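Chains, contacts and geometry: an overview
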Amino acid sequence: MNYLALAFYFATSLSGQQELDINLSAVKIEFTEASGTSGTIGGFAAGIKFDPADLTASTISGTVEANTLNTENSTRDKHLQSKDFFEVETFPQMSFKSTSIQAEGSTFVMTGTLQIKDVSREEKITFTYDNKLFSGSSTIQLKYYNVGGYTKKKPEQTNVDIKFHIPIL
């Protein structure tokens, strides 16, 4: 290896984090709504730069396709995708982009902006990263995202617990 190639190698390896490759076929995102309705959502795409030793340079962002909401009840799924709830024709994706990541013991807390429909709000996601697997959870309140009949309910009545598993290749 010549000196120029060696210098280039060290410069690129020290100049920032590489984006991680996600095993998209094994990603699992589940949700459970306050009334007990549960399901999955798919169409996941993400950009993940993560180094537990350098959290200030770490960033995580991702999207899911709203039309993939699946509660194992096709009538309910179509209703959730309608103008009554998520309006997937107008708002086809939900997205999240981190603004900071902090270590808290053996877990990490990521703060960022979640966008559902035309509303963006700050949310926190707690996760672990072990053996090339991100596993985490968060609770959001649909009341604040202009989703269907949830806007008239108390915030705690609109809780949706979200759990995810994102394996890295």
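Treat the numbers as computed from the prediction; the structure is a model and nothing was measured.

Some details on the confidence of the model for the protein chain
Detail in the predicted coordinates should be disregarded across regions flagged by low pLDDT. In this model, the protein chain carries a mean pLDDT of 90, and residues with pLDDT of at least 70 account for 90%. Here residues 1–15 scores under 50 on pLDDT; set against residues more than four positions off or in separate chains, the count is two contacts.

Considerations on the sheet that holds strand E3 (residues 45–49)
Pairing is antiparallel across the open sheet formed by nine strands, whose spatial order is E2-E1-E9-E8-E7-E6-E5-E4-E3. Each of the sheet's edge strands pairs with one partner strand only, and the pair in question is strand E2 (38–40) and E3. Each strand of the sheet is rotated relative to its neighbour by a mean of 20°, with strand direction disregarded. Bridge count between strand E4 (residues 59–65) and strand E5 (residues 93–104): five bridges; the pairing is antiparallel. Paired with Val-64 across the two strands is Met-94, which belongs to E5.

Considerations on the pattern of salt bridges
Taken as a whole and judged by the stated rule, the model has two salt bridges. With a shortest N-O distance of 3.4 Å, Lys-28 and Glu-30 are connected by a salt bridge. You can call Lys-28 partly exposed: its relative accessible area is 42%. A salt bridge links Glu-87 to Lys-117, with the shortest nitrogen-to-oxygen separation between them at 2.7 Å. Remark: Lys-117 occurs in the loop between strand E6 (107–116) and strand E7 (119–130) and Glu-87 occurs in the loop between helix H2 (74–81) and E5; sequence separation between them is 30 residues. Relative accessible area serves as the criterion here: at 6%, Lys-117 is assigned to the buried category.

Definitions and cut-offs
- Residues numbered from 1 in each chain as written.
- Predicted model: local features only at pLDDT ≥ 70, side-chain atom pairs only at ≥ 80, totals over all residues.
- Heavy atoms only, no water.
- pLDDT = per-residue confidence, 0-100.
- Contact = heavy atoms within 4.5 Å.
- Pairing = 2+ DSSP bridges.
- Helix = DSSP H or I, 4+ residues; strand = E, 2+ residues; numbered from the N terminus.
- Axes fitted to C-alpha atoms, helices over the stretch in contact; angles between N-to-C directions.
- Salt bridge = Lys/Arg side-chain N within 4 Å of Asp/Glu carboxyl O.
- Buried < 20%, exposed > 50% of the residue type's maximum accessible area, 1.4 Å probe, protein only.

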